[in-house]
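Coordinates in review
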Amino acid sequence: MNKNIKKYYNRLEYNKKEWNNSNIFIKRLNKYICNFYSGIWDFNKSTILNKIIEILSSGSLLLISSTQTVLCDKIGLINNINCIIVNIYNKKELINKINYILSLDNREKINEIRENGQKYCIKYFSLEKKYNKFINILSNL
C-alpha cells in the first residue's frame, strides 16, 4: 500500500477494559474518521452485526467491503448515504476511496455520511427498538 496512506491508519486492538466498558471503546472508535469492516470474522454471526453497529453508533464512518453488500442490503445500509462500500480487491479503488475520505475537501460529505450512519443505527438498532420488537413478538405468541 502507498506509504503516504499508511501513516493515516491504525489498527485498533481490544483490551479487557474496553470489553467491560463499551463507552470507552465507542469514544475510541469515534476519534477516527472511519473504521473498516471486512466480514473476515465470520466464525460468529452475531459478531458481524455487533461490529457494524459499534462503528455506526460511535459516529465513525463505516467503510465496508463490497463482499458484504448482501449484508448491507439486509440491514438497510446504503453506499454513500450511511456508509461507504469499497472493493478491497481493487487496489486503485481502495486507495482512491481512502484518499477521498482523508481529503479535507470532502470532509463535509464524510461527516454527513458519519452522522447519517449514527442516526440510522440509533433509529433501527437501539436497545429500546430491539426491546420493543422482542416484547411485540412475545405479545403475539
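Refer to the structure presented above.
These notes cover the structure that comes with them. (Residues numbered from 1 in each chain as written. Predicted model: local features only at pLDDT ≥ 70, side-chain atom pairs only at ≥ 80, totals over all residues. Heavy atoms only, no water.)

1. With respect to the overall build of the protein
- From N to C terminus, the protein includes 8 helices and 3 strands.
- Reading the helices (α) and strands (β) of the protein from amino to carboxyl end gives α-α-α-β-α-β-α-β-α-α-α.
- By the burial criterion, 33% of the 141 residues in the protein qualify as buried.
- Partitioning the intrachain contacts of the protein with sequence separation of at least 6 by distance along the chain shows that 55% fall at a separation of at least 24.
- A total accessible area of about 9,700 Å² is found for the protein, and carbon and sulfur atoms account for 54% of it. (Helix = DSSP H or I, 4+ residues; strand = E, 2+ residues; numbered from the N terminus. Buried < 20%, exposed > 50% of the residue type's maximum accessible area, 1.4 Å probe, protein only. Contact = heavy atoms within 4.5 Å. Areas by Shrake-Rupley, 256 points an atom, 1.4 Å probe, with all protein chains shown as cover.)

2. As for helix H7 (residues 107–125)
- Between the first and last C-alpha of H7 there are 26 Å, a value that for 19 residues agrees with the 27 Å anticipated at 1.5 Å per step.
- Within H7, the full set of buried residues consists of Ile-110, Ile-113, Arg-114, Gly-117, Tyr-120, Cys-121 and Phe-125. Buried residues of H7, viewed axially, fall in a sector of 130°; they line one side. Pointing more than 90 degrees away from the buried face of H7 are the exposed residues Glu-108, Lys-119 and Ile-122. (Expected span 1.5 Å × (residues − 1). Arc of directions from axis to C-beta.)

3. Focus: the environment of Phe-36
- Along the chain, Phe-36 turns up in strand S1 (residues 34–37).
- With relative accessibility at 41%, the residue Phe-36 sits in the partly exposed group.
- Linking Phe-36 and Leu-63, residues 27 residues apart in sequence, is a C-alpha distance of 4.6 Å.
- Here Phe-36 is in contact with Ile-55, Leu-63, Ile-64, Ser-65, Val-86 and Ile-88, once residues within four sequence places are set aside.

4. A word on the pattern of salt bridges
- A complete count under the given rule lists 3 salt bridges for this structure.
- Between Glu-112 and Lys-109 there is a salt bridge, with the nearest N and O atoms lying 3.7 Å from each other. Here Glu-112 pairs with Lys-109, and both are found in helix H7, just 3 residues apart, close to one helical turn.
- Across the pair Glu-115 and Lys-119 runs a salt bridge whose closest N-O atoms are separated by 2.9 Å. Taken together, the residues Glu-115 and Lys-119, both in helix H7 and 4 residues apart, mark about one turn of the helix. (Salt bridge = Lys/Arg side-chain N within 4 Å of Asp/Glu carboxyl O.)

5. With respect to the packing of aromatic side chains
- With the rule as written, the count across this model stands at 2 aromatic pairs.
- Consider the rings of Tyr-120 and Tyr-124, whose centres lie 4.7 Å apart with planes at 45°: the pair is tilted. A residue pair is termed a helical-turn pair when its members lie 3 or 4 positions apart in one helix, as Tyr-120 and Tyr-124 do in helix H7 at 4 residues.
- These aromatic residues form a ring-pair network of at least three members: Tyr-120, Tyr-124 and Phe-125. (Phe/Tyr/Trp six-rings, centres within 6.5 Å; stacked < 30°, edge-to-face > 60°.)

6. Focus: the side chain of Arg-114
- Along the chain, Arg-114 falls in helix H7.
- This buried residue, Arg-114, is left without a salt bridge; Glu-115 holds the nearest opposite charge, at 9.3 Å.
- Those residues in contact with Arg-114 that sit more than four places away from it in its chain are Asn-30, Tyr-32, Ile-33, Gly-59, Ser-60 and Leu-61. (Lys, Arg positive; Asp, Glu negative; His and termini not counted.)

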